[in-house]
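Each chain is listed here by its residues.
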Amino acid sequence: MVRVARDEADRAACFAVRKEVFVVEQRVPEDIEYDAYDAEAVHLLAVRADGVPLGTGRLLHGPAALGRTGGDPAVGSLGRLAVVGAARGLGIGAALVRGIEDAARETGLSAVDLHAQTHALGFYARLGYEAYGPEFPDAGMPHRAMRKPL
């Protein structure tokens, strides 16, 4: 089940998934994994039937998203998408992306941008995202910008 994080316990579960995937597994420095945007972002949480957290992602919109979307206020920014290793390949990442897109529509946005690690370009392309612009480094890993109209 994917839901918008509804309280501090849900947000803590989102951050725990991010720590497991990005900080521990991918070795992203913890001081850049969490940022000021977390306070205003819409966080989504995927949980198993028994409540165990499996994945997360966030949506930035309004002023928080402008630096990631070319300054377009009608475009949101999908980010921090993470699924724990044991749950990969089960469709959780795609369900989180759809949930973030739904939240973006509810906010009145017309498109969603994201910065994809290059190894994940095919995943996002299958969900309707198109890459644009050059490859760039983020947290020491190659990324490309992608966008999907809603």
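Described below are features of the structure shown in this document. All values derive from a computational prediction rather than experimental measurement.

Analysis parameters
Sequence order as written defines the numbering, with residues in each chain counted from 1. The predicted origin of the model limits local features to residues at a pLDDT of at least 70 and limits the giving and counting of side-chain atom pairs to 80 or more, whereas totals for whole chains, interfaces and linings rest on all residues. The side-chain figures draw on all heavy atoms in the structure; neither hydrogens nor water molecules are used. In this analysis, rings of Phe, Tyr and Trp, with Trp reduced to its six-membered ring, are considered paired at centre separations within 6.5 Å, and the interplanar angle assigns stacked below 30 degrees, edge-to-face beyond 60, and tilted for intermediate values. Only protein chains enter the calculation, and the probe is 1.4 Å; a residue is then buried if its accessible area is under 20% of its type maximum, exposed if over 50%, and partly exposed in between. Throughout, nonpolar core names a set of buried Ala, Val, Leu, Ile, Met, Phe, Trp, Tyr and Cys residues whose side chains join them through atoms within 4.5 Å. The way it works is that DSSP assigns letters per residue, a run of H or I at least four long becomes a helix, a run of E at least two long becomes a strand, and they are numbered from the N terminus. Two residues qualify as a contact provided that any one of their heavy atoms is within 4.5 Å of a heavy atom in the partner residue.

### Section: the packing of aromatic side chains
Here is step 1 of the chain: On inspection of all chains with the given rule, the structure shows three aromatic pairs.
Here is step 2 of the chain: Considering the side-chain rings of Phe123 and Tyr124, the 4.9 Å spacing of their centres and the 70 degrees angle between planes classify their relative orientation as edge-to-face.
Here is step 3 of the chain: What makes Tyr124 buried here is its relative accessible area of 8%.
Here is step 4 of the chain: A centroid spacing of 6.0 Å and a plane angle of 75 degrees characterise the contact between Tyr124 and Tyr129, whose relative ring orientation is edge-to-face.

### Here we look at the nonpolar core
Here is step 1 of the chain: Leu78, Tyr124 and Tyr129 are the most contacted members of the largest nonpolar core, which totals 32 residues.
Here is step 2 of the chain: Where this core is concerned, the elements lending two or more residues are helix H1 (8-25), strand S2 (42-47), strand S3 (53-60), strand S4 (75-83), helix H3 (92-106), strand S5 (111-117) and strand S7 (141-149).
Here is step 3 of the chain: Per element, the largest residue contribution to this core is seven residues, and it comes from H3.
Here is step 4 of the chain: Those residues in contact with Leu78 that lie beyond four places of it in its chain are Arg58, Val97, Ile100, Val112, Asp113, Leu114, His115, Tyr124 and Tyr129.
Here is step 5 of the chain: Residues Ala5, Ala13, Cys14 and Val47 belong to the second largest nonpolar core, which totals five residues.

Any functional reading would require information that these geometric values do not contain.
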